[in-house]
Amino acid sequence: MIEIPATSTCVLSLLSQNSYQGRAAKAFMKKLDLSSGAPILAHFEDLLDEIQVEILNRRHGVEKCCYEYLSENPSAQVIHLGCGLDPLPMDLAEFYPEASFFDVDMAHRGLKERINKQIGGPDVNLMTADLTDIPIVLSELNRAGWNLNIATLLVSEGISYYIPKESYRDLLRCLQTPNGAIVFEYSATDSQLYGTQKSELISEFFVRLARILNLPFPLQRYEDNEIKSLSKYVNGNIVSIMTQQQLELSRLGTKMTRKNPSMGAIRVAYIRFVNHCIKDD
(Lines give C-alpha, C1' and ligand atoms only; values in the text may rest on other atoms or scores of the structure.)
Protein backbone atom coordinates (compact mmCIF):
# COMPACT_ATOMS: atom_id res chain seq x y z
CA MET A 1 0.00 0.00 0.00
CA ILE A 2 1.10 3.56 -0.68
CA GLU A 3 1.47 5.85 2.33
CA ILE A 4 0.08 9.31 1.67
CA PRO A 5 0.29 12.65 3.55
CA ALA A 6 -1.80 12.94 6.71
CA THR A 7 -3.90 15.90 5.60
CA SER A 8 -4.97 13.99 2.47
CA THR A 9 -6.16 10.92 4.34
CA CYS A 10 -8.75 12.26 6.77
CA VAL A 11 -11.82 12.50 4.55
CA LEU A 12 -10.83 9.40 2.58
CA SER A 13 -10.60 7.55 5.91
CA LEU A 14 -14.23 8.39 6.60
CA LEU A 15 -15.32 7.15 3.20
CA SER A 16 -14.96 3.54 2.10
CA GLN A 17 -14.78 1.46 -1.04
CA ASN A 18 -18.56 1.28 -0.85
CA SER A 19 -18.64 5.03 -1.46
CA TYR A 20 -17.59 4.34 -5.06
CA GLN A 21 -19.47 2.56 -7.82
CA GLY A 22 -16.78 1.30 -10.20
CA ARG A 23 -13.85 -1.09 -10.26
CA ALA A 24 -11.19 1.58 -10.76
CA ALA A 25 -12.01 3.73 -7.74
CA LYS A 26 -12.31 0.69 -5.46
CA ALA A 27 -8.92 -0.55 -6.70
CA PHE A 28 -7.47 2.95 -6.20
CA MET A 29 -8.63 3.01 -2.58
CA LYS A 30 -7.04 -0.37 -1.91
CA LYS A 31 -3.67 1.10 -2.92
CA LEU A 32 -3.79 3.78 -0.23
CA ASP A 33 -2.45 3.50 3.30
CA LEU A 34 -4.65 5.93 5.21
CA SER A 35 -3.10 5.36 8.64
CA SER A 36 -1.15 8.64 8.54
CA GLY A 37 -4.39 10.53 9.08
CA ALA A 38 -4.99 8.99 12.51
CA PRO A 39 -3.23 11.77 14.51
CA ILE A 40 -5.44 14.43 12.90
CA LEU A 41 -8.61 12.40 13.30
CA ALA A 42 -7.72 11.92 16.96
CA HIS A 43 -8.47 15.62 17.48
CA PHE A 44 -12.08 14.85 16.52
CA GLU A 45 -12.52 11.53 18.27
CA ASP A 46 -15.64 12.66 20.13
CA LEU A 47 -17.14 14.03 16.91
CA LEU A 48 -16.21 11.31 14.43
CA ASP A 49 -19.63 9.68 14.24
CA GLU A 50 -21.25 12.98 13.33
CA ILE A 51 -18.49 13.93 10.90
CA GLN A 52 -18.69 10.59 9.09
CA VAL A 53 -22.45 10.88 8.61
CA GLU A 54 -21.95 14.33 7.09
CA ILE A 55 -19.18 13.09 4.78
CA LEU A 56 -21.09 10.01 3.61
CA ASN A 57 -24.24 12.06 3.01
CA ARG A 58 -22.39 14.75 1.08
CA ARG A 59 -20.61 12.20 -1.12
CA HIS A 60 -23.94 10.58 -1.94
CA GLY A 61 -25.40 13.96 -2.88
CA VAL A 62 -22.43 14.98 -5.02
CA GLU A 63 -22.48 11.66 -6.90
CA LYS A 64 -26.25 11.81 -7.33
CA CYS A 65 -26.02 15.25 -8.99
CA CYS A 66 -23.06 14.22 -11.14
CA TYR A 67 -24.84 11.13 -12.43
CA GLU A 68 -27.98 13.13 -13.08
CA TYR A 69 -26.06 15.65 -15.18
CA LEU A 70 -23.92 13.12 -17.02
CA SER A 71 -26.87 10.89 -17.84
CA GLU A 72 -28.25 13.87 -19.78
CA ASN A 73 -24.84 14.98 -21.12
CA PRO A 74 -22.70 11.82 -21.48
CA SER A 75 -20.06 13.53 -23.65
CA ALA A 76 -19.67 16.61 -21.44
CA GLN A 77 -16.46 17.85 -19.88
CA VAL A 78 -16.04 17.46 -16.10
CA ILE A 79 -13.69 19.60 -14.00
CA HIS A 80 -12.99 18.43 -10.44
CA LEU A 81 -11.77 21.30 -8.29
CA GLY A 82 -9.41 20.47 -5.44
CA CYS A 83 -10.39 16.84 -4.90
CA GLY A 84 -6.86 15.78 -3.95
CA LEU A 85 -6.34 12.01 -3.98
CA ASP A 86 -10.04 11.23 -4.03
CA PRO A 87 -10.67 8.83 -6.97
CA LEU A 88 -14.14 10.23 -7.68
CA PRO A 89 -13.03 11.45 -11.16
CA MET A 90 -11.95 7.90 -12.02
CA ASP A 91 -15.22 6.55 -10.68
CA LEU A 92 -17.31 8.81 -12.90
CA ALA A 93 -14.98 8.37 -15.91
CA GLU A 94 -15.43 4.60 -15.78
CA PHE A 95 -19.17 4.95 -16.37
CA TYR A 96 -19.00 7.88 -18.82
CA PRO A 97 -16.12 7.05 -21.20
CA GLU A 98 -17.30 9.64 -23.75
CA ALA A 99 -16.84 12.48 -21.25
CA SER A 100 -13.55 14.33 -20.73
CA PHE A 101 -12.29 14.62 -17.14
CA PHE A 102 -9.99 17.28 -15.70
CA ASP A 103 -8.71 17.08 -12.11
CA VAL A 104 -7.16 20.32 -10.80
CA ASP A 105 -5.38 20.62 -7.45
CA MET A 106 -2.15 21.91 -5.94
CA ALA A 107 -0.53 18.64 -4.86
CA HIS A 108 -0.22 14.87 -5.31
CA ARG A 109 -0.80 14.94 -9.07
CA GLY A 110 2.11 12.63 -9.83
CA LEU A 111 1.10 10.17 -7.11
CA LYS A 112 -2.51 10.09 -8.25
CA GLU A 113 -1.48 9.55 -11.86
CA ARG A 114 0.92 6.78 -10.89
CA ILE A 115 -1.72 4.89 -8.90
CA ASN A 116 -4.27 5.32 -11.67
CA LYS A 117 -1.82 3.78 -14.16
CA GLN A 118 -1.07 0.90 -11.79
CA ILE A 119 -4.74 -0.04 -11.55
CA GLY A 120 -5.42 0.49 -15.26
CA GLY A 121 -7.87 3.27 -14.51
CA PRO A 122 -9.70 5.45 -17.04
CA ASP A 123 -8.20 8.55 -18.62
CA VAL A 124 -8.29 11.62 -16.38
CA ASN A 125 -6.31 14.80 -17.10
CA LEU A 126 -4.43 15.65 -13.91
CA MET A 127 -2.97 19.12 -13.55
CA THR A 128 -1.33 21.22 -10.86
CA ALA A 129 -2.68 24.72 -10.16
CA ASP A 130 -3.61 26.97 -7.25
CA LEU A 131 -7.36 27.49 -7.60
CA THR A 132 -6.99 31.11 -6.48
CA ASP A 133 -4.69 31.78 -9.46
CA ILE A 134 -7.34 31.85 -12.17
CA PRO A 135 -5.00 32.61 -15.13
CA ILE A 136 -2.89 29.57 -14.27
CA VAL A 137 -5.97 27.37 -13.84
CA LEU A 138 -7.29 28.45 -17.24
CA SER A 139 -3.87 28.00 -18.84
CA GLU A 140 -3.51 24.46 -17.49
CA LEU A 141 -7.04 23.50 -18.51
CA ASN A 142 -6.60 24.91 -22.01
CA ARG A 143 -3.28 23.10 -22.37
CA ALA A 144 -5.01 19.85 -21.39
CA GLY A 145 -7.69 20.36 -24.04
CA TRP A 146 -10.60 21.88 -22.13
CA ASN A 147 -12.97 23.71 -24.46
CA LEU A 148 -14.96 26.69 -23.17
CA ASN A 149 -17.63 26.07 -25.81
CA ILE A 150 -18.42 22.51 -24.71
CA ALA A 151 -20.81 21.85 -21.82
CA THR A 152 -18.85 21.44 -18.58
CA LEU A 153 -19.79 20.08 -15.17
CA LEU A 154 -17.85 21.69 -12.30
CA VAL A 155 -17.53 19.47 -9.22
CA SER A 156 -16.68 21.28 -5.99
CA GLU A 157 -16.51 18.92 -3.01
CA GLY A 158 -14.51 19.52 0.16
CA ILE A 159 -12.82 22.68 -1.11
CA SER A 160 -15.22 25.62 -0.67
CA TYR A 161 -14.09 26.03 2.96
CA TYR A 162 -10.52 26.87 2.06
CA ILE A 163 -10.83 29.52 -0.66
CA PRO A 164 -12.01 33.11 -0.06
CA LYS A 165 -15.51 33.51 -1.39
CA GLU A 166 -14.79 36.25 -3.92
CA SER A 167 -11.91 34.27 -5.41
CA TYR A 168 -14.00 31.14 -5.64
CA ARG A 169 -17.01 32.70 -7.26
CA ASP A 170 -14.72 34.40 -9.82
CA LEU A 171 -13.16 31.02 -10.61
CA LEU A 172 -16.56 29.39 -11.11
CA ARG A 173 -17.68 32.27 -13.30
CA CYS A 174 -14.61 31.89 -15.52
CA LEU A 175 -15.25 28.16 -15.93
CA GLN A 176 -18.96 28.34 -16.75
CA THR A 177 -20.05 27.05 -20.15
CA PRO A 178 -23.36 27.00 -22.03
CA ASN A 179 -25.51 24.13 -20.73
CA GLY A 180 -22.97 23.40 -18.02
CA ALA A 181 -23.53 23.00 -14.29
CA ILE A 182 -21.96 23.16 -10.83
CA VAL A 183 -22.24 20.64 -8.03
CA PHE A 184 -21.29 22.88 -5.12
CA GLU A 185 -20.81 21.35 -1.66
CA TYR A 186 -20.57 23.74 1.28
CA SER A 187 -21.26 24.25 4.97
CA ALA A 188 -24.15 26.28 6.28
CA THR A 189 -23.31 28.85 8.97
CA ASP A 190 -23.91 28.61 12.70
CA SER A 191 -26.70 31.17 12.45
CA GLN A 192 -28.68 28.77 10.24
CA LEU A 193 -28.14 25.89 12.65
CA TYR A 194 -28.36 27.66 16.00
CA GLY A 195 -30.69 25.93 18.40
CA THR A 196 -30.94 22.72 16.42
CA GLN A 197 -29.92 19.35 17.83
CA LYS A 198 -26.14 18.82 17.79
CA SER A 199 -25.47 22.23 16.25
CA GLU A 200 -22.88 22.84 18.98
CA LEU A 201 -20.89 19.85 17.70
CA ILE A 202 -20.73 21.39 14.25
CA SER A 203 -19.48 24.69 15.62
CA GLU A 204 -16.86 22.88 17.68
CA PHE A 205 -15.67 20.94 14.63
CA PHE A 206 -14.97 24.11 12.66
CA VAL A 207 -13.20 25.72 15.63
CA ARG A 208 -10.86 22.74 15.94
CA LEU A 209 -10.30 22.43 12.20
CA ALA A 210 -9.34 26.11 11.87
CA ARG A 211 -6.90 25.71 14.75
CA ILE A 212 -5.24 22.66 13.17
CA LEU A 213 -4.98 24.17 9.68
CA ASN A 214 -3.85 27.60 10.90
CA LEU A 215 -5.34 29.29 7.83
CA PRO A 216 -4.68 33.00 7.20
CA PHE A 217 -8.45 33.56 6.88
CA PRO A 218 -11.59 32.04 8.48
CA LEU A 219 -13.01 28.82 7.11
CA GLN A 220 -15.60 29.79 4.53
CA ARG A 221 -19.24 28.89 5.25
CA TYR A 222 -22.28 30.06 3.34
CA GLU A 223 -25.68 31.52 4.13
CA ASP A 224 -28.59 30.41 1.94
CA ASN A 225 -28.80 33.85 0.36
CA GLU A 226 -25.10 33.65 -0.57
CA ILE A 227 -25.76 30.49 -2.58
CA LYS A 228 -28.57 32.30 -4.40
CA SER A 229 -26.21 35.21 -5.05
CA LEU A 230 -23.49 32.82 -6.24
CA SER A 231 -25.90 31.19 -8.68
CA LYS A 232 -26.91 34.56 -10.09
CA TYR A 233 -23.27 35.67 -10.35
CA VAL A 234 -22.33 32.66 -12.47
CA ASN A 235 -25.44 33.01 -14.62
CA GLY A 236 -27.08 29.90 -13.25
CA ASN A 237 -30.35 28.57 -11.91
CA ILE A 238 -30.53 26.55 -8.69
CA VAL A 239 -31.96 23.11 -9.43
CA SER A 240 -31.81 21.95 -5.82
CA ILE A 241 -30.14 22.48 -2.46
CA MET A 242 -30.09 19.26 -0.45
CA THR A 243 -29.85 19.44 3.33
CA GLN A 244 -28.36 16.69 5.44
CA GLN A 245 -31.82 15.33 6.14
CA GLN A 246 -32.63 15.15 2.44
CA LEU A 247 -29.23 13.65 1.65
CA GLU A 248 -29.61 10.99 4.32
CA LEU A 249 -33.13 10.13 3.21
CA SER A 250 -31.88 9.72 -0.36
CA ARG A 251 -28.85 7.67 0.72
CA LEU A 252 -30.50 5.36 3.25
CA GLY A 253 -34.21 5.64 2.52
CA THR A 254 -34.81 6.83 6.08
CA LYS A 255 -34.04 9.80 8.36
CA MET A 256 -31.85 7.70 10.64
CA THR A 257 -29.85 10.47 12.34
CA ARG A 258 -31.05 13.70 10.73
CA LYS A 259 -34.56 13.81 12.16
CA ASN A 260 -34.67 17.61 12.25
CA PRO A 261 -34.57 19.35 8.82
CA SER A 262 -32.00 21.83 10.15
CA MET A 263 -29.61 19.21 11.52
CA GLY A 264 -26.22 18.91 9.88
CA ALA A 265 -24.09 21.62 8.30
CA ILE A 266 -23.01 20.22 4.94
CA ARG A 267 -25.30 20.86 2.00
CA VAL A 268 -25.09 20.13 -1.72
CA ALA A 269 -26.29 22.67 -4.29
CA TYR A 270 -26.91 21.73 -7.90
CA ILE A 271 -26.81 24.75 -10.21
CA ARG A 272 -27.36 24.67 -13.98
CA PHE A 273 -25.95 27.38 -16.23
CA VAL A 274 -28.24 29.05 -18.72
CA ASN A 275 -27.47 28.60 -22.43
CA HIS A 276 -25.62 31.88 -22.94
CA CYS A 277 -22.73 32.64 -20.62
CA ILE A 278 -22.00 36.14 -19.35
CA LYS A 279 -18.25 36.74 -19.13
CA ASP A 280 -18.25 40.48 -18.52
CA ASP A 281 -20.06 42.65 -15.99
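Scroll up for the structure.
In short, a report on the structure.

So, how was this worked out
Residues numbered from 1 in each chain as written. Predicted model: local features only at pLDDT ≥ 70, side-chain atom pairs only at ≥ 80, totals over all residues. Heavy atoms only, no water. Buried < 20%, exposed > 50% of the residue type's maximum accessible area, 1.4 Å probe, protein only. Helix = DSSP H or I, 4+ residues; strand = E, 2+ residues; numbered from the N terminus. Arc of directions from axis to C-beta. Contact = heavy atoms within 4.5 Å. Pairing = 2+ DSSP bridges. Axes fitted to C-alpha atoms, helices over the stretch in contact; angles between N-to-C directions. Phe/Tyr/Trp six-rings, centres within 6.5 Å; stacked < 30°, edge-to-face > 60°. Lys NZ or Arg CZ within 6 Å of the ring centre and 35° of its normal. Left-handed = near helix turned anticlockwise from the far one by under 90°.

**Let's talk about helix α11 (residues 224–233)**
Thought 1: Among all positions of α11, only I227, L230, S231 and Y233 are buried. Within α11, the buried residues cover an arc of 160 degrees as seen down the axis, which keeps them to one side. What points out from α11, more than 90 degrees from its buried face, is the exposed set N225, K228 and K232.
Thought 2: Of the surrounding secondary structure, the elements contacted by the buried residues of α11 are α8 (165–175), β7 (181–187), β8 (236–242) and β9 (266–273).
Thought 3: Taken from the residues just after α11, N235 is the one with a positive phi, measuring 60 degrees.

**Overview of the side chain of Q245**
Thought 1: Among the secondary structure elements, Q245 is positioned in helix α12 (residues 244–252).
Thought 2: Relative accessible area serves as the criterion here: at 11%, Q245 is assigned to the buried category.
Thought 3: The residues contacting Q245, other than those within four sequence positions of it, are K255, R258, K259, N260, P261 and M263.

**Structural notes on the sheet that holds β8**
Thought 1: Sheet architecture is open: 7 strands sit in the order β5-β4-β3-β6-β7-β9-β8, paired in mixed fashion. Of all the strands in the sheet, the pair left with one neighbour each is β5 (125–128) and β8. Adjacent strand axes in the sheet meet at a mean angle of 20 degrees when their direction is disregarded.
Thought 2: Set on the sheet, helix α4 (residues 48–72) makes contact with β3 (77–81), β4 (100–105), β6 (152–156), β7, β8 and β9; between it and β9 the angle comes to about 15 degrees.

**A few points about the packing of aromatic side chains**
Thought 1: As enumerated under the stated definition, the model contains 10 aromatic pairs in all.
Thought 2: With a centroid separation of 5.2 Å and 50 degrees between ring planes, the pair formed by F44 and F205 is classed as tilted. With F44 in the loop between α3 (38–41) and α4 and F205 in helix α10 (residues 199–213), the pair connects residues that are 161 residues apart, well separated along the chain.
Thought 3: Using a relative accessible area of 3% as the deciding quantity, one classes F44 as buried.
Thought 4: Aromatic rings pair up to connect F44, Y161, Y162, F205 and F206 into one cluster.
Thought 5: Residue placement shows K165 over the ring face of Y222; its charged tip is 4.7 Å from the ring centre.
Thought 6: The ring of Y233 has R169 sitting right over it, with the charged end atom 4.0 Å from the ring centre.

**Details of the packing of α8 against α11**
Thought 1: In contact at an axis separation of 9 Å, α8 and α11 are set at 35 degrees when each is read in the N-to-C sense. Handedness of the α8/α11 crossing: right-handed. Residues K165, R169, D170, L172 and R173 of α8 form the contact with α11, whose participating residues are E226, L230 and Y233.

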